[in-house]
Amino acid sequence: MWGRLACAAMLSLSLGACRQAKLDDPTLIAGGGPVAVLESRYVSSGDSQAALGSGAVTYVISSVELTNDGTLPLFPVISHFFLTDRSGNRSYGIDTGSSAFAGISNDFAAIPPGTKRTFVVGFRADATTMGTIRYDY
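What counts, and where the lines are drawn
- In this convention, every chain numbers its residues from 1, walking through the sequence in written order.
- With pLDDT at 70 or above as the cut-off, local features in this predicted model cover only qualifying residues; side-chain atom pairs require 80 or more to be listed or tallied, and sums for whole chains, interfaces and linings still use all residues.
- Computation of side-chain values covers all heavy atoms of the structure but excludes hydrogens and water.
- Strands here are runs of E lasting at least two residues and helices are runs of H or I lasting at least four, both read from the DSSP assignment and numbered beginning at the N terminus.
- Burial classification: accessible surface area is computed with a 1.4 Å probe over protein chains only, and a residue below 20% of its type maximum counts as buried, one above 50% as exposed, and the rest as partly exposed.
- A contact between two residues is defined here by any heavy atoms of the two lying within 4.5 Å.
- DSSP-based pairing: two strands are paired if at least 2 bridges between them are found.
- To define axes, lines are fitted to C-alpha atoms, for helices over the stretch in contact only, and angles between the resulting N-to-C directions are given on a 0 to 180 degree scale.
- For this analysis, a ring pair means two rings from Phe, Tyr or Trp (six-membered ring only for Trp) whose centres lie within 6.5 Å, classed as stacked if their planes differ by under 30 degrees, edge-to-face if by over 60, and tilted for the remaining angles.
- Only buried residues count toward a nonpolar core. Its members are Ala, Val, Leu, Ile, Met, Phe, Trp, Tyr and Cys residues joined through side-chain atoms within 4.5 Å.

Side note on the overall build of the protein chain
Right, so step 1: The number of helices and strands found in the protein chain is one helix and seven strands.
Right, so step 2: Ordered by position from N to C terminus, the α and β elements of the protein chain give α-β-β-β-β-β-β-β.
Right, so step 3: Across the 137 residues of the protein chain, 29% fall into the buried class.
Right, so step 4: Looking at the protein chain alone, contacts between residues at least 24 apart form 71% of all its contacts between residues at least 6 apart.

This is the structure we're talking about:
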């Protein structure tokens, strides 16, 4: 009886020690400049890749807040958002062309100086991509 109890205790201790740390870091995808990232998620779509490799395409879909810090109205363009990963690779923003973007609708009216607007932007990337989203004027 005591042997079984000791074995169960050792097993639970070893499983607890080997457990991988949780990734609860909110800065996996961060904002830079006038862009603040509100939320990001990784979505694997049913789309197939056009390259030689097969498998599903992964998108990083982020809800971002863009602030017009200029002196003139800003006419936003989704492809001007870009995600730079830790290796320096850039992915440009998209919001159409895949079933992963179903239900996304952005407002492209002019943003007056000093105001903010929220956008939902997708980036074709790996499921492990970490980096910074910026806006290129």
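What to know about the side chain of Thr58
Right, so step 1: In this structure, Thr58 sits in strand 3 (residues 56-67).
Right, so step 2: Judged by its relative accessible area of 16%, Thr58 falls in the buried class.
Right, so step 3: Beyond its immediate chain neighbours, meaning those up to four positions away, Thr58 contacts Val43, Ser44, Phe123, Arg124, Ala125, Asp126 and Ala127.

Brief notes about the sheet that holds strand 5 (residues 90-92)
Each strand in a sheet pairs with its neighbour through backbone hydrogen bonds, running either in the same direction (parallel) or in the opposite one (antiparallel).
Right, so step 1: Read across the sheet, four strands follow the order 1-7-4-5 without closing on themselves; strand pairing throughout is mixed. Only two strands of the sheet have a single neighbouring strand rather than two, namely strand 1 (29-31) and strand 5. Taking each pair of neighbouring strands and ignoring which way they run, the sheet shows an average axis angle of 25 degrees.
Right, so step 2: Of the strand pairs in this sheet, strand 1 and strand 7 (residues 131-135) are connected by three bridges, and their pairing is parallel. Residue pairing for strand 7: Ala30 is matched across the bridge by Thr132.

Brief notes about the environment of Thr96
Right, so step 1: As for its placement among the helices and strands, Thr96 is situated in the loop between strand 5 and strand 6 (116-124).
Right, so step 2: Along the backbone, Thr96 and Ile78 are 18 residues apart, and their C-alpha atoms lie at a distance of 10.0 Å.

Some remarks on the packing of aromatic side chains
Right, so step 1: Summed over all chains, the structure comprises six aromatic pairs.
Right, so step 2: Here Phe81 and Tyr135 contribute two aromatic rings whose centre-to-centre distance is 4.8 Å and whose plane-to-plane angle is 70 degrees, an arrangement assigned as edge-to-face. Placement of the pair is Phe81 in strand 4 (residues 81-85) and Tyr135 in strand 7, with a sequence separation of 54 residues. Exposure class is identical for Phe81 and Tyr135. Each is buried.
Right, so step 3: On the numbers, 6.3 Å between centres and 50 degrees between planes, the contact of Phe82 with Tyr92 is tilted. Of this pair, Phe82 sits in strand 4 while Tyr92 sits in strand 5; the two residues are 10 residues apart in sequence, bridging distant segments of the chain.
Right, so step 4: For Phe82, a relative accessible area of 6% corresponds to the buried category.
Right, so step 5: An aromatic cluster is defined as three or more aromatic residues linked by ring pairs; in this entry it consists of Phe81, Phe108, Phe119, Tyr135 and Tyr137.

So, the nonpolar core
Right, so step 1: Among the nonpolar cores identified, the biggest contains 16 residues, and Val35, Val64, Leu66, Phe81, Phe119, Val121 and Ile133 are the most heavily contacted of them.
Right, so step 2: Of all the secondary structure elements, the ones that give two or more residues to this core are strand 3, strand 4, strand 6 and strand 7.
Right, so step 3: Within the second largest apolar cluster, six residues are counted, among which are Val43, Val57, Ile61 and Ala100.

Comments concerning the environment of Asn89
Right, so step 1: Take Asn89: it is sitting in the loop between strand 4 and strand 5.
Right, so step 2: Distance from Asn89 to Ala125, taken between C-alpha atoms, is 9.7 Å for residues 36 residues apart in sequence.
Right, so step 3: Residues contacting Asn89, with those up to four places away along its chain left out, are Leu83 and Thr84.

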